[in-house]
There are 2 protein chains.
Amino acid sequence: MNYCSHCGETVRLAVPQGDDRLRYLCDSCGTIHYQNPRIIAGTLPVRDGKVLLCRRAIEPRLGYWTLPAGFMENAETTSDAAARETREEAGAEVKLQGLYTLIDLPHINQVYMLFRAELISDYSAGVESLEVALFAEEEVPWQSLAFPTMEVTLRRYFEDRRHGEGDEHFPLHLEQIDLETREHFFNTTFLPAS
Amino acid sequence: MNYCSHCGETVRLAVPQGDDRLRYLCDSCGTIHYQNPRIIAGTLPVRDGKVLLCRRAIEPRLGYWTLPAGFMENAETTSDAAARETREEAGAEVKLQGLYTLIDLPHINQVYMLFRAELISDYSAGVESLEVALFAEEEVPWQSLAFPTMEVTLRRYFEDRRHGEGDEHFPLHLEQIDLETREHFFNTTFLPAS
Ligand SMILES: [Zn+2]
Ligand SMILES: [Zn+2]
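These numbers were taken from a predicted model, which means no experiment stands behind them.

Attention now moves to the overall build of chain A. Assigned secondary structure in chain A consists of three helices and eleven strands. Going residue by residue from the N terminus, the α and β elements of chain A occur as β-β-β-β-β-β-β-α-β-β-β-α-β-α. Along the first, second and third principal axes, the C-alpha atoms of chain A reach 60 × 35 × 35 Å. Expressed as a percentage of its 194 residues, the buried residues of chain A come to 49%. Working note: accessible area of chain A is about 9,200 Å², and carbon and sulfur atoms make up 46% of it.

Moving on to the relation of the copies chain B and chain A. The two chain copies are connected by a rotation around an axis plus a translation along it. In the superposition of chain B on chain A (RMSD 0.0 Å, axial shift 0.0 Å), the rotation amounts to 180°. Those values place the two copies in the arrangement expected of a two-fold rotation axis.

Moving on: the sheet that holds strand E2 (residues 23–25) of chain A. Residues and elements named next belong to chain A. Spatially, E1-E2-E3 is the arrangement adopted by the three strands of the open sheet, whose pairing is antiparallel. In this open sheet, the two strands that pair with only one neighbour each are strand E1 (12–14) and strand E3 (32–33). As defined by bridge partners, E1 adjoins E2 across three bridges and the pair is classed as antiparallel. Note that in E2 the partner of alanine 14 across the bridge is arginine 23.

For a metal with four tetrahedral donors the ideal donor-metal-donor angle is 109.5 degrees, while six octahedral donors give ideal angles of 90 or 180 degrees. Residues and elements named next belong to chain B. Around the zinc ion (ligand 2), the protein supplies Cys4 (SG), Cys7 (SG), Cys26 (SG) and Cys29 (SG) as donor atoms, at distances of 2.2 to 2.3 Å. Considering all four donor atoms around the zinc ion (ligand 2), angles at the metal cover 99 to 117° and the coordination shape is tetrahedral. Along the chain, the residues donating to the zinc ion (ligand 2) are arranged with the sequence spacing C-x2-C-x18-C-x2-C. One end of the pair, cysteine 4, is in the segment before strand E1 (12–14); the other, cysteine 29, is in the loop between strand E2 (23–25) and strand E3 (32–33), with 25 residues separating them in the sequence. By relative accessible area, cysteine 29 is classed as partly exposed at 32%.

Residue and element names in this part refer to chain A. By the definition in use, this model includes twelve aromatic pairs over all chains. On the basis of an interplanar angle of 65° and a centroid distance of 6.0 Å, the ring pair of tyrosine 100 and phenylalanine 170 is categorised as edge-to-face. Within this pair, whereas tyrosine 100 is found in strand E8 (residues 94–105), its partner phenylalanine 170 is found in the loop between helix H2 (148–161) and strand E11 (173–176), the two being separated by 70 residues in sequence. With respect to burial, tyrosine 100 and phenylalanine 170 carry one shared label: buried. Through a chain of ring-to-ring contacts, the aromatic side chains of Tyr100, Trp142, Tyr157, Phe158 and Phe170 assemble into a single cluster. Over the aromatic face of tyrosine 64 sits the side chain of arginine 61, whose NZ or CZ is 3.8 Å from the ring centroid. Lying across the ring of tryptophan 142, arginine 155 places its NZ or CZ 3.9 Å from the centre.

The next point concerns the coordination of the zinc ion (ligand 1). All names here are of chain A. The coordination sphere of the zinc ion (ligand 1), as far as protein atoms go, consists of Cys4 (SG), Cys7 (SG), Cys26 (SG) and Cys29 (SG), spread over 2.2 to 2.3 Å. With four donor atoms in place around the zinc ion (ligand 1) and angles of 99 to 117° between them, the coordination shape is tetrahedral. On the primary sequence, the residues serving as donors to the zinc ion (ligand 1) are separated as C-x2-C-x18-C-x2-C. Of this pair, cysteine 7 sits in the segment before E1 while cysteine 26 sits in the loop between E2 and E3, placing them 19 residues apart in sequence.

Rules of the game
Residues numbered from 1 in each chain as written. Chains lettered and ligands numbered in written order. Predicted model: local features only at pLDDT ≥ 70, side-chain atom pairs only at ≥ 80, totals over all residues. Heavy atoms only, no water. Helix = DSSP H or I, 4+ residues; strand = E, 2+ residues; numbered from the N terminus. Buried < 20%, exposed > 50% of the residue type's maximum accessible area, 1.4 Å probe, protein only. Areas by Shrake-Rupley, 256 points an atom, 1.4 Å probe, with all protein chains shown as cover. Least-squares fit on C-alpha atoms with pLDDT ≥ 70 in both. Pairing = 2+ DSSP bridges. Donors = N, O, S within 2.8 Å, 3.2 Å for Na, K, Ca; no water. Tetrahedral: all angles 85-135°; square planar, octahedral: opposite > 155°, others 65-115°. Phe/Tyr/Trp six-rings, centres within 6.5 Å; stacked < 30°, edge-to-face > 60°. Lys NZ or Arg CZ within 6 Å of the ring centre and 35° of its normal.

See below:
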């Protein structure tokens, strides 16, 4: 941020009086420009025990596989956002079954909210996807997942499912991925045990 | 938003190519300025069956009672944000016990995340609070609550607690409050049955 979006004058980075964080301040019009984390909403669509993944047609992580998810927009709810992203990226309609993973990524100011969902339609690649496909657990392309958030969510899901199929076996998982744990994902820790 | 925060030129509101929503666009530098919902994180602190409420020293809703909560900041996690707001507004330390209400407010682009918490310290009014106090269910100032989000959370809590005290009796509640339901809160629907 270089300029005040309200008046167009130059902003400076300083701690406002009574605050304890650096903010972009406009001395001209007095506006304090707060910046806050963004929500990424998506789903874990399942049919006949298989999970629906999308291969990304856009950067970052072009060519890698992800659950359908994207930035929540103003004027929508988290569940609307999750269903919309599933429609846009996977051409699929889902029936949401509850929030499943809530993942904090403080190093990039993001919060993921991924809902378990029942796939209730056909599917097809949207403009942001190269292809969309259903995978059984042993078919998941673990080495080619786009984001740690997706790996965590998929691993939790298959772990939980070993204990049963009822909703009570899929509690909300609060997770945190930071710079350090992120390294693990893209190295060894979270690779399949096989 | 009137000016581009990147280059300082005037922005205009239009739907970018390949998009389906109005965005602030800068024709000078090409930046698309996305705007997204903000997260408000807080807690429902409990000790000896009583809940901790703060009377607001600031607008909006100055003088009304609220659970401690506030805007999540960049570089923190949702649970860190909830604990920080509790410290700032209620001078209290808490032990978080799980996410309890997740409330969408699409008409004001907010998502509330309130955690159940055990109050584990003394408490005192922070600069944004006039006073802080513990309330048994029958003492809660239902007519003087600051926000519908807080009323929903408190009502859910006392309802759930009638079924037992274990964590399994306090599932995550996904709620939505919009302009229409908001009216109900400040009129009759959610007033105590007495
Ligand atoms: Zn300004
Ligand atoms: Zn610009």
